[in-house]
Amino acid sequence: MGLLVEGQWKDQWYDTDGNKGEFIREQARLRQWVGAQGSDADRLAEAERYHLYVSLACPWAHRVLILRALKGLEALIGVSVTSPIMGSNGWTYHQEEGSSGDALNGVTFHHQLYTLTDPRYTGRVTVPVLWDSQAHDIVNNESAELLRMLNSAFDELTGNTLDFYPEVLRAEIDAVNERVYHAINNGVYKAGFATEQSVYEEHVTTLFEALDEMNDRLGQQRYLTGEYLTEADIRLFTTLIRFDAVYHGHFKCNIRRIEDYPHLSGYLRELYQWPGIRETVCMDHIQRHYYMSHPTINPNRIVPRGPDLALDRPHGREHLTGRGIMSKAR
Ligand SMILES: N[C@@H](CCC(=O)N[C@@H](CS)C(=O)NCC(=O)O)C(=O)O
């Protein structure tokens with residue numbers, strides 16, 4: 001684990017000491033946009049021009065992989081998968097550890113993509129990344145923005161008009177995202193990476209308050225914002241799918257399991273069973289990544305065998321009205 005300083009790789013763990021035991025996530029720095037012809041985006045959406053670099057272990061990259069699948073973008077946007085193990089060189093493309101390798105640019109280390117983009121790059125080196133093979137640089141490394149781009153930029157090329165961020169639901173999606181991001185998606189990291197007892201307790205308490213709220217919400221309605229599945233659901237899903245297998249033990253988020261929540265657990269299974277989603281879930285990479293990449297938390301790097309999540313059990317959500325994914329008006 002490390003970061004780039006003026007284009008030089010430095011092996012260094014998160015500085016929680018400078019932040020009173022608190023893990024503070026850095027803002028993504030590469031923020032250009034891809035858009036359809038006629039939009040005011042920085043770059044034009046074109047088939048086979050863009051490529052995703054992801055880790056199958058990473059919840060932020062996972063959101064983007066789900067959108068790529070459900071928006072029918074697999075033939076237009078290629079993918080390279082990192083090794084699940086993030087050691088002193090950060091993310092790598094070591095095939096013997098389970099990486100796909102990088103056939104496009106032939107890099108060994110993910111940080112090389114950042115220095116190809118800017119030889120003097122300073123900042124954390126994260127996945128996911130959207131690469132532009134025409135301009136030969138990274139377009140954007142913020143998953144929340146990549147979701148929005150994939151939701152619309154390529155529609156004319158694919159004919160796929162599914163809408164994960166429909167106009168009429170935007171205010172509600174934004175509000176749910178705000179709560180889920182801080183308390184749950186990032187909340188598990190804030191609890192897991194805390195190096196002070198009081199900091200851990202504060203974040204684990206907030207995390208479970210938010211999970212309780214989401215469970216109540218999902219007792220009343222099929223999806224987070226009502227009858228339609230939206231990006232808010234995809235964003236919660238990638239944390240829930242890792243929860244009982246990783247965050248519960250490794251990050252000490254163990255007040256309850258997702259399995260103990262009647263509505264959250266059925267909802268997790270419904271999304272897992274959604275056509276196209278299960279193929280994006282790789283439990284082997286998820287478990288090997290977390291348990292083998294954080295020496296301060298799990299120094300002997302033993303990867304646990306359980307739990308058996310049995311995600312193919314019936315989800316039991318049919319009694320709540322569900323209308324699938326909204327379509328854009330043509
Ligand atoms: N804001 C970014 C965060 C991505 C992120 O933090 N990814 C993690 C993997 S789960 C990473 O690459 N961490 C490496 C590091 O922090 O050095 C996004 O959502 O795209």
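Our structure's up above, just so we're on the same page.
Quick caveat, the model's predicted, so the values are computed rather than measured.

Chemist: Looking at this structure, how should I read the nonpolar core?
Modeler: One broad rule of soluble globular proteins: the nonpolar side chains tend to lie buried together. With 84 residues, the main nonpolar core has Val 54, Val 64, Leu 150 and Leu 264 as its most contacted residues. Counting residues per element, this core draws most heavily on helix 8 (residues 231-247), which supplies 10 residues. Residues lining this core come from more than one domain, with at least three contributed by each of domain 1 (2-158) and domain 2 (167-276). Discounting chain neighbours no more than four positions away, the residues touching Val 64 are Leu 52, Val 54, Pro 128, Ser 143, Leu 146, Leu 147 and Leu 150.

Chemist: I'm lost on the sheet that holds strand 8 (residues 129-132) in this one. Help?
Modeler: Two orientations exist for strands paired in a sheet by backbone hydrogen bonds: parallel and antiparallel. Spatially, 4 strands are ordered 6-5-8-9 in an open sheet, and the strand pairing comes out mixed. One side of each edge strand has no neighbouring strand; the edge strands of this open sheet are strand 6 (78-81) and strand 9 (137-140). In this sheet, neighbouring strand axes are inclined to one another by 35° on average, regardless of whether the strands run parallel or antiparallel. As paired strands, strand 8 and strand 9 are joined by 3 bridges and run antiparallel to one another. Within the sheet, the bridge partner assigned to Leu 130 lies in strand 9 and is Asn 140.

Chemist: What am I meant to see in the sheet that holds strand 2 (residues 8-11) here?
Modeler: Here we have 3 strands laid out as an open sheet, ordered 2-1-7, and antiparallel in their pairing. Each edge of the open sheet is held by one strand with a lone partner, namely strand 2 and strand 7 (123-124). Summarising the sheet, strand 1 (residues 2-5) and strand 2 pair through 4 bridges and their orientation is antiparallel. Residue pairing across strands places Leu 4 opposite Trp 9, the latter belonging to strand 2.

About the cut-offs
Residues numbered from 1 in each chain as written. Predicted model: local features only at pLDDT ≥ 70, side-chain atom pairs only at ≥ 80, totals over all residues. Core = buried A, V, L, I, M, F, W, Y, C linked by C-beta atoms within 7 Å. Buried ≥ 20, exposed ≤ 12 C-beta atoms within 10 Å, placed from the backbone. Helix = DSSP H or I, 4+ residues; strand = E, 2+ residues; numbered from the N terminus. Domains from an automatic or database assignment. Contact = placed C-beta atoms within 7 Å. Pairing = 2+ DSSP bridges. Axes fitted to C-alpha atoms, helices over the stretch in contact; angles between N-to-C directions.

Keep in mind these values describe shape, not function.
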